[in-house]
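These are the residues of each chain, in order.
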There are 2 protein chains.
Amino acid sequence: MTFSLEQAGRQAWQWLEAASAFSETRDIPREGVTRRCATREHRELLEALTEWMESLGMAVRRDNAANLIGRHASATPGARTLLIGSHQDTVPNGGKYDGMMGVILPLALVKYLRENAISLPFHIDVVAFSDEEGTRFSSTLLGSKVLAGTFDPEMLEATDGQGVTLESALEAFGCDPARIPEDRYRPEEVIAFLEAHIEQGPQLEQASLPVGVVSAITGIERHQITIHGMAGHAGTVPMALRRDALVGAAEVIRHLNALCKETEDLVGVVGKIENAPNGVNVIPQTTTLSIELRSPRDAVRRRAREQLLEQIGASLEALNLTFDQVQTYEQSAVQCSPWLTATLEEAVQDSGIDPRVLFSGAGHDGLAMAELCDIGMLFVRCRGGVSHHPSEAIEPEDLTAAVEVLAHACQRLARGQSPA
Amino acid sequence: MTFSLEQAGRQAWQWLEAASAFSETRDIPREGVTRRCATREHRELLEALTEWMESLGMAVRRDNAANLIGRHASATPGARTLLIGSHQDTVPNGGKYDGMMGVILPLALVKYLRENAISLPFHIDVVAFSDEEGTRFSSTLLGSKVLAGTFDPEMLEATDGQGVTLESALEAFGCDPARIPEDRYRPEEVIAFLEAHIEQGPQLEQASLPVGVVSAITGIERHQITIHGMAGHAGTVPMALRRDALVGAAEVIRHLNALCKETEDLVGVVGKIENAPNGVNVIPQTTTLSIELRSPRDAVRRRAREQLLEQIGASLEALNLTFDQVQTYEQSAVQCSPWLTATLEEAVQDSGIDPRVLFSGAGHDGLAMAELCDIGMLFVRCRGGVSHHPSEAIEPEDLTAAVEVLAHACQRLARGQSPA
């Protein structure tokens, strides 16, 4: 074998290190990586990616939404396309791996296939989505929506912090936003979309596994609850006459936590709380808190919501408190295609790794790509489950494992594994 | 009778209305009263009080801490002095009655005694303490500490928001701060200190009583608790692996509330909470909260503190959270003298009112005056239990009841009622 999996893993590591330099920040270990859509850092990264792709004999193009797509073409006549990729953008002061690892791993895969003369009956299109985090324009999933054909042109009017519209930023980047609709893939030409991404959670690390297979991308809902009590002097109002909004908030937090702990496939958090007047010697008058529920099964999430709101209503009434509740966000869960999940599980086993299936508690480009085609996802272990932070870290040897799993998956797809 | 109790009550109401005009604010109904120590408003108020006192034949003086003292002298040779008074200062945007009512009521009492030719075997010194709230210099109980001889000269270096020291403010007010030690009363010349004050709570209103007798001024302790958890992505960390600081805070709030509700003579509150990073989709890392416990019985408060800290420790450990706890404040309770409480109870009965004894959950000048002499307090009903707010309100006829109770109390003291 002229180019080993270990070499492919090391190559991925080197490319990832090189890619992290394209950042608004200078001191990457301390400040992490900040790379937003349609910026100088984005342009410089795409130039480097283009060079690496062309060195692999790939045909490279940019679309009108600043996505970069490199094709590793098949010699098979009438070949369809397997899309593999992730996003190039980061949150402010994010890590080196969230997104970028999913762009680099398929490049290392292509290098491994090419060096070992492994031919496939389908094209591999490696995609660097321009914008998934939405850091610059609050334009979450911009790149994947364009490829899936669900991009809403109204989004072009979104502005960044300096008042620059997405439209003019894309134009300055060399794109023609009016031609975005032409950039969609046609469903019949696509086999599936695969994404490799760091787990952003601790489950693989705790199980000592380098990779895991994703069953679904979570659904999410958020609510804002405002509890109305009655301010008063903390020394002079007898306990029995108090209407303490923060005491009500404590009950909300307790109910949510208990419900999520006892319900399978449900997580939730009260992440944000604001209390007024918030004085050490004043009975709290108004407490506002956020509620977030996530589940890969929408029915579980909706049932939990009803149960929770019922419990909250009863507890707050018993405390002589009133409350307003408003749902601020809802995103349905997206299932990974069972046949792809099965293929990835088998590819994990082919690699000598215990197959672990878990759901993604975070959103990913697959949410949008599922409108176009079947999707599958591979998670790679990340240190401490930490992401969106300069200290985001992976183990170099896990890149080797991930390339191996992707290679086995491609070979299984080549042998005709497809929807039942 | 040439001057009735009703007339005395109406006179008190008129003086209170007039006094409220000496305020930094212009629109009293909306903005309330703001009157700080050693300001123009303080000076103008003392000029008005002096005029009213002199119209009652009282001998008026200002001391070196900007207290105003008017003496209604007794003809009895070697007479001792009954001190009656309260503070002239307010919190920012406070009410018309907190403090001021306790200055005006003894003036109305003196007018009633004088007009009805009721002579007493003791002097009555009516005191308008310069500063109890500590709004300007954080110099709580300044006026009463000076009269009690417990004033710490280091306090003179305290500065207001503009950097003016208490010392220079007093000098500009015409005081000689170096001579403050001369302003203390000698214990042997004083019978007792009485204060009338609005209740600042809802108990008298709920019991439909115009006045109540105070048994003790609460002890207070405050703590700051900082709970340390582990931030994380709210979608990707399984419930069982979370260390959510806000979930711990909810347990603290719950324990405190339950303990105070089930313990007699104990109130407490978590009034303040700060959560970090406080994002809707981030597991809370650090939550800081205040704990306040108040009781008229120090032993009850200390036992409650131990019990609470034990419960908090056990709950947070079970949640895999750590915490720091620091006591930020402690003030022991001060008991009103039982013989004075009994005298006031009888005076309330003399006035045809059901005697109700309650403790003060707020601090008062009596905390300092108790170092000098026996103290007694009369509470007057206030609307909705509201204080420290522009909407602070009393019923005019309750002033009549309060003057009557003070008159009966004086007559009982004159008949020789004194410590057993």
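Criteria and thresholds
- Residues numbered from 1 in each chain as written.
- Chains lettered and ligands numbered in written order.
- Predicted model: local features only at pLDDT ≥ 70, side-chain atom pairs only at ≥ 80, totals over all residues.
- Heavy atoms only, no water.
- Least-squares fit on C-alpha atoms with pLDDT ≥ 70 in both.
- Contact = heavy atoms within 4.5 Å.
- Phe/Tyr/Trp six-rings, centres within 6.5 Å; stacked < 30°, edge-to-face > 60°.
- Helix = DSSP H or I, 4+ residues; strand = E, 2+ residues; numbered from the N terminus.
- Buried < 20%, exposed > 50% of the residue type's maximum accessible area, 1.4 Å probe, protein only.
- Lys NZ or Arg CZ within 6 Å of the ring centre and 35° of its normal.
- Pairing = 2+ DSSP bridges.
- Salt bridge = Lys/Arg side-chain N within 4 Å of Asp/Glu carboxyl O.
- 1 Å grid on protein atoms, 1.4 Å probe; cavity = no way out; pocket = protein on both sides within 12 Å on 5 of 7 lines; lining within 4 Å.
- Points joined across faces, edges and corners; volume = space filled by probe spheres on them.
- Nonpolar A, V, L, I, M, F, W, Y, C, P; charged D, E, K, R; others polar.
- Domains from an automatic or database assignment.
- Buried area = accessible area lost by both parts, 1.4 Å probe.
- Polar contact = N/O pair within 3.5 Å; in protein donor to acceptor, adjacent residues only side chain to side chain.
- Expected span 1.5 Å × (residues − 1).
- Axes fitted to C-alpha atoms, helices over the stretch in contact; angles between N-to-C directions.
- Parallel < 35°, antiparallel > 145°, perpendicular 65-115°, else oblique.
- Left-handed = near helix turned anticlockwise from the far one by under 90°.

Colleague: In this structure, what is going on with the relation of the copies chain B and chain A? I would like to understand it.
Modeller: For these two chain copies, the linking operation is a rotation about an axis paired with a shift along it. In screw terms, the move from chain B to chain A is a rotation of 180 degrees and a rise of 0.1 Å along the axis, fitting with an RMSD of 0.1 Å. Interpreted geometrically, this transformation is the action of a two-fold axis. For chain B, the smallest separation between a C-alpha atom and the rotation axis is recorded for Ala250(B), amounting to 2.2 Å. Most of the interface of chain B is mirrored in chain A, where 100% of its interface residues are also at the interface.

Colleague: What is the right way to read the packing of aromatic side chains from this model?
Modeller: Describing an aromatic ring pair means giving the distance of the ring centres and the angle of the ring planes. Under the definition given, this model contains 6 aromatic pairs over all chains. Between Phe129(A) and Phe193(A), the ring centres sit 5.8 Å apart and the planes meet at 70 degrees, which makes this aromatic pair edge-to-face. You can see Phe129(A) sitting in strand S4 (residues 123-129) and its partner Phe193(A) sitting in strand S5 (residues 190-198), a full 64 residues away along the chain. Assigned by exposure class, Phe129(A) and Phe193(A) land together as buried. With centroids separated by 5.7 Å and ring planes inclined at 20 degrees, the aromatic side chains of Trp15(B) and Trp52(B) adopt a geometry described as stacked. Placement of Trp15(B) in helix H1 (residues 5-20) and of Trp52(B) in helix H3 (residues 40-55) is noted, with a sequence separation of 37 residues between them. The lysine or arginine in question, Arg222(A), covers the ring of Tyr329(A), its NZ or CZ lying 5.0 Å from the ring centre.

Colleague: I would appreciate a short explanation of the pairing of strand S16 (residues 375-380) of chain A in the present structure.
Modeller: For a regular strand, the rule is simple: side chains alternate between the two faces of the sheet. Residues and elements named next belong to chain A. Of all 6 residues that make up S16, 6 are buried, and the element is covered over most of its length. The side-chain alternation of S16 yields two buried faces, one formed by Ile375, Met377 and Phe379 and the other by Gly376, Leu378 and Val380. With 6 bridges connecting them, S5 and S16 associate as parallel partners. The residue bridging Ala196 from the neighbouring strand is Leu378, located in S16. As defined by bridge partners, strand S6 (residues 211-217) adjoins S16 across 3 bridges and the pair is classed as antiparallel. If you follow Val211 over to S16, its bridge partner there is Val380.

Colleague: Please clarify how the side chain of Asp298(A) should be interpreted in this entry.
Modeller: Residues and elements named next belong to chain A. Residue position: Asp298 is located in helix H9 (residues 298-318). Look at Asp298 and you get buried, because its relative accessible area is 17%. With residues up to four places along the chain from it excluded, the contact list for Asp298 reads Gly219, Ser332 and Ala333.

Colleague: Looking at this structure, how should I read the pattern of salt bridges?
Modeller: For side chains of opposite charge, pairing can occur when their charged atoms come near one another. Under the defined criterion, the tally for this structure stands at 46 salt bridges over all chains. Here Glu182(B) ties to Arg179(B) by a salt bridge, and the two come within 3.1 Å at their closest N and O atoms. Linking Arg383(B) and Glu395(B) is a salt bridge whose minimum nitrogen-to-oxygen distance equals 3.3 Å. A residue pair is termed long-range when its members are at least 10 positions apart, and Arg383(B) in the loop between strand S16 (375-380) and helix H12 (396-414) and Glu395(B) in the loop between S16 and H12 qualify at 12 residues. For Glu395(B), a relative accessible area of 25% corresponds to the partly exposed category. Connected via shared salt-bridge partners are Glu221(A), Asp298(A), Arg301(A), Arg302(A), Arg305(A) and Glu330(A).

Colleague: Would you take a moment to explain empty space enclosed by the protein for this structure?
Modeller: Unfilled space is identified by rolling a water-sized probe across the atoms. Counted according to the given criterion, the structure contains 5 cavities of 30 Å³ or more. Roughly 60 Å³ of internal volume is contained in the largest cavity. Surrounding the largest cavity, Asn257(A), Lys261(A), Met239(B), Arg242(B), Arg243(B), Asp244(B), Val247(B), Leu319(B) and Leu321(B) form its lining. The residue inventory of the lining of the largest cavity, partitioned by class, reads 4 nonpolar, 1 polar and 4 charged. Space inside the second largest cavity adds up to approximately 40 Å³.

Colleague: Just to check I follow, could you spell out the domain arrangement of chain A for this structure?
Modeller: Size of an interface, as often reported, equals the accessible area lost when the parts are brought together. Residues and elements named next belong to chain A. Once the domains are mapped, chain A shows domain 1 (5-217 + 333-414) and domain 2 (219-331). Distance between the C-alpha centres of domain 1 and domain 2: 38 Å. Listed by partner, the interface residues are 8 residues for domain 1 and 7 residues for domain 2. In total, about 620 Å² of surface goes out of reach between domain 1 and domain 2, with carbon and sulfur atoms giving 56% of it. For the domain 1 face of the interface with domain 2, the top three residues by lost area are Ala333, Phe359 and Gly361, together amounting to 70%. At the junction of domain 1 with domain 2, the criterion picks out 0 salt bridges. Viewed at the interface, domain 2 and domain 1 are joined by 3 residue pairs in polar contact (both at pLDDT 80 or more). Counted by class, the side of domain 1 that touches domain 2 contains 6 nonpolar, 2 polar and no charged residues.

Colleague: Looking at this structure, how should I read the interface of chain B and chain A?
Modeller: Contacts between the two partners involve 50 residues from chain B and, on the opposite side, 50 residues from chain A. For the chain B and chain A pair, buried surface summed over both sides reaches about 4,100 Å², with 64% attributable to carbon and sulfur atoms. Interface area lost by chain B to chain A is led by Thr236(B), Met239(B) and Val280(B), which between them contribute 15%. For the pair chain B and chain A, the number of links is 0 salt bridges. Joining chain B to chain A, the criterion identifies 10 residue pairs in polar contact (both at pLDDT 80 or more). Contributions of two or more residues to the side of chain B that touches chain A are made by helix H7 (203-206), helix H8 (245-262), strand S9 (267-269), strand S10 (273-276), strand S11 (282-283) and strand S12 (286-295) of chain B. For the side of chain B that touches chain A, the element with the most residues is H8(B), which contributes 9 residues.

Colleague: Can you help me understand helix H10 (residues 338-350) of chain B in this one?
Modeller: Counting along an α-helix, one turn takes 3.6 residues, and residues three or four places apart therefore face a common direction. Residues and elements named next belong to chain B. With 13 residues, H10 extends 18 Å between its outermost C-alpha atoms, agreeing within 8% with the 18 Å of an ideal straight helix rising 1.5 Å per residue. All buried positions along H10 are accounted for by Trp339, Leu340, Thr341, Thr343, Leu344, Ala347 and Val348. Check the buried side of H10 and you find it contacts strand S5 (190-198), strand S6 (211-217), S16 and H12. Backbone geometry just downstream of H10 places Gly352 in the positive-phi region, at approximately 75 degrees.

Colleague: Just to check I follow, could you spell out the packing of helix H8 (residues 245-262) of chain A against H9(A) for this structure?
Modeller: A pair of packed helices is captured by two measures, namely the crossing angle of their axes and the spacing between those axes. All names here are of chain A. Relative to each other, H8 and H9 sit at 150 degrees, their axes nearing to 10 Å. It follows that H8 is roughly antiparallel to H9 by the angle criterion. The chirality of how H8 crosses H9 is right-handed. The segment H8 lies against H9, with Gly248, Glu251, Val252, His255, Leu256, Leu259 and Glu262 engaging Ala304, Gln307, Leu308, Gln311, Ile312, Ser315 and Leu316. For the contact of H8 with H9, the class distribution of residues is 7 nonpolar, 5 polar and 2 charged.

Colleague: Hey, could you run me through the environment of Asn278(B) in this one?
Modeller: Within the fold, Asn278(B) resides in the loop between S10 and S11. Beyond its immediate chain neighbours, meaning those up to four positions away, Asn278(B) contacts Gly271(A), Lys272(A), Ile273(A) and Glu274(A).

Colleague: Would you mind showing me how to read the pairing of strand S4 (residues 123-129) of chain B here?
Modeller: Residues and elements named next belong to chain B. In terms of residue burial, S4 counts as a mostly covered element, since 7 of its 7 residues are buried. The two faces of S4 match: His123, Asp125, Val127 and Phe129 on one face and Ile124, Val126 and Ala128 on the other face are all buried. Relative to S4, strand S2 (residues 68-72) is paired through 5 bridges, and the arrangement is antiparallel. Counterpart to His72 in the pairing with S4 is Ile124. Pairing of strand S3 (residues 81-87) with S4, which is carried by 7 bridges, proceeds in the parallel orientation. Looking at S4, one finds that His87 is bridged to Phe129.

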